[in-house]
Amino acid sequence: MDSTQWILFILIVQVIHFLGTWKLYVKAGRKAWEAAIPVYNAIILMQIINRPKWWTILLFIPIINLLMFPVIWVETIRSFGQNKLWQTWAVILTLGFYIYVVNYTMDAKYIEDRSLKPTTGVGEWVSSIVFAIVAATMVHTYFIQPYVIPTGSLERTLRVGDFLFVSKFHFGARTPMTAVAAPMVHDTLPIVGTKSYLNKPQIPYFRLPGFQSPKKNDIVVFSWPADTVRQFFVKEQGVKKPIDKKSNYVKRCVGTPGDTLSVIDGDVYIDGKKLQLDDRAKPMFNNIVYANKGVSSRILNEVGADSFQRTYVSEPITQQQLQILTPYLLAADKRSDGKISLITNQNGIPVEVIRNARLTNLSEETPRQRLVNLTEEMKATLEKNSSVDSVVRAVEPKGKAGYNIFPQNKLYSWNNDNFGPLYIPEKDKSIKLTLENLPLYKKVIRDYEHNTVKVSGNQILINGKPADSYTFKMDYFWMMGDNRDHSEDSRTWGFVPENHIVGKPVFIWMSFDNFQDGIKFNEKVRWDRVFTTVGGSGEPRSYFKFFLIALAGYFVFDFFRKKKKKSEEA
């Protein structure tokens, strides 16, 4: 919906409200015309149902209003003596149109001084739950949203299994664009697994004022521009999703509007200068580790290396043994000597599983070179190990086209390690448009800024008119993972528009090392990461003990406060 359509929609809603309530306004001692004036009619209605005037604000906040409308409908009929359970359900299930019945067919009397306190325990419980959901939805939508890191694209800066609080107010909260959606969930209803929203109507993009915009080095949560999956991690036919219902991604902002960005041998350059990451960033790169006597998995695990494979060699195994091993295997191959190669990730096969499978003749290969994912600290530690000959970063050579690399066009032989240069669009700035650079900006012009783009011979047509330049309507950003060789990011799907920005992670409140295997409250909690900040400089510091001290202090204070109150009453 555009602005004109929304104005028309609001006017229709006002007409529906007026036709259904004007007699009730009169019975409450007001004028009939007061039911027809937008906003003013809501203020008057709050007075009629004896609720605070500030509730009017809630009726105009997207998503919150979906929760408030049923409450207002129920409060309205109860103000005119409709207190029975079936009447409550009638007004909810008819989406408020039961009020028409009360307005036109009943001689309902206005109860000016009705009690607002629920008459039953169930009623009080329901009232408390409703307003708890309203408050939580308000916080979730406009202030702070919980988020969990599901993939390793930011390892080791942010870890898989980190539970974050994401600030909406740093960059300014993006108001919901999907008008009808379930509160407190994203794109899927829990348990039932169905879509949690309606694609239409859509509210025009609007962002509340923030006190900063995404800058280089910021870690940012955003709606994945290329998202067409119905549910994250579920492989099925793609769908077209509203912007605010696309899957949320978290990456590092490495390029801002107006920058010219390049990736040279894995490192990011902005306007020809190497980007200096903040001191909490722990970028990881693929490295080839060489050792004449063999590179053992033990020394790789000792430094915390990631994303390497381990190969076990076994005598032929039974189907039952294979079933026991399958959860830990990437592949199982028969060798020319009749033995079996069992390939796993860096975690290998646990000792207890080997015992359960009764594998008595199992050995692990130690090849002379291995491809391993390392931070600079891990690399330095390995280089000091006397059993290691060398550690060399693995780099895709310049000019060799990589797999699935933006802009997915044969004119650009870029890859993850050698990419660009390209200009990042800035709002109200123009570029010269040519057939050569059109692949870089076609998606921006067509999909994000909603123009038609065609090529006729050597002529570019935008909205059917010849164009040799284009002025951008929005700011765009370039997002990349710190886990550089294991991250699907802007190098794959391109620019991130400003209307896709969600928020800024500020706090880790819990972290599980075994998150992908199922949460277990045991030694797998990363206690050193609990209650740590995402931003700042220096090593992250946990504030968990201070939280426990403050919590204990509160309980002690509350105990003595209640004890003192009882003694005073006695």
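Refer to the structure printed above.
Residues numbered from 1 in each chain as written. Predicted model: local features only at pLDDT ≥ 70, side-chain atom pairs only at ≥ 80, totals over all residues. Heavy atoms only, no water.

Chemist: Which residues make up the overall build of the protein chain, and what values go with them?
Modeler: Helix and strand content of the protein chain: 14 helices and 24 strands. Overall, the C-alpha framework of the protein chain stretches about 95 × 80 × 50 Å when taken along its three principal axes. Counting over 570 residues, the protein chain shows a buried share of 44%. Across the protein chain, contacts joining residues at least 24 apart in sequence account for 67% of those joining residues at least 6 apart. (Helix = DSSP H or I, 4+ residues; strand = E, 2+ residues; numbered from the N terminus. Buried < 20%, exposed > 50% of the residue type's maximum accessible area, 1.4 Å probe, protein only. Contact = heavy atoms within 4.5 Å.)

Chemist: Which residues make up helix α2 (residues 40-48), and what values go with them?
Modeler: Among all positions of α2, only Asn41, Ala42, Ile44, Leu45, Met46 and Ile48 are buried. Of the surrounding secondary structure, the elements contacted by the buried residues of α2 are α1 (3-27), α3 (55-58) and α4 (64-78). Downstream of α2 by a residue or two, asparagine 50 has a phi angle that is positive, lying close to 65°.

Chemist: How would you summarise the packing of α4 against helix α6 (residues 98-105) if you had to cite specific residues and measurements?
Modeler: It is the contact of α4 with α6, at a shortest axis distance of 10 Å, that shows an interaxial angle of 20°. The angle between α4 and α6 places the two elements in the roughly parallel class. Handedness of the α4/α6 crossing: left-handed. Only Tyr98, Ile99 and Val102 of α6 make contact with α4, whose side of the interface consists of Trp73, Thr76 and Ile77. Class assignment for the residues of the contact of α4 with α6 results in five nonpolar, one polar and no charged. (Axes fitted to C-alpha atoms, helices over the stretch in contact; angles between N-to-C directions. Parallel < 35°, antiparallel > 145°, perpendicular 65-115°, else oblique. Left-handed = near helix turned anticlockwise from the far one by under 90°. Nonpolar A, V, L, I, M, F, W, Y, C, P; charged D, E, K, R; others polar.)

Chemist: Go over the sheet that holds strand β8 (residues 284-290), please, and point to the residues and values.
Modeler: Overall, antiparallel pairing links the three strands, which are arranged β13-β8-β14 in an open sheet. Lying at the two open borders of the sheet, with one neighbouring strand each, are β13 (369-375) and β14 (390-393). Neighbouring strand axes in the sheet, compared pairwise and without regard to direction, differ in orientation by 35° on average. Relative to β13, β8 runs antiparallel, the two sharing seven bridges. Directly across from asparagine 286, in β13, lies its bridge partner asparagine 373. Of the strands in this sheet, β8, β13 and β14 touch helix α11 (residues 376-384), which is tilted by about 135° from β13. (Pairing = 2+ DSSP bridges.)

Chemist: So what's going on with the side chain of asparagine 217? Which residues, and what values?
Modeler: Within the secondary structure layout, asparagine 217 lies in the loop between β2 (162-167) and β3 (219-223). Look at asparagine 217 and you get buried, because its relative accessible area is 16%. Only 3.5 Å separates the side chain of asparagine 217 from the backbone nitrogen of aspartate 278, close enough to count as a polar contact. Apart from the residues lying within four places of it in its own chain, the contact partners of asparagine 217 are Arg252, Cys253, Gln276, Leu277 and Asp278. (Polar contact = N/O pair within 3.5 Å; in protein donor to acceptor, adjacent residues only side chain to side chain.)

Chemist: Let's hear about helix α12 (residues 438-448): which residues, and what values?
Modeler: Those residues of α12 that fall on the buried side of the exposure criterion are Leu438, Pro439, Leu440, Tyr441, Val444, Ile445 and Tyr448. Downstream of α12 by a residue or two, histidine 450 has a phi angle that is positive, lying close to 60°.

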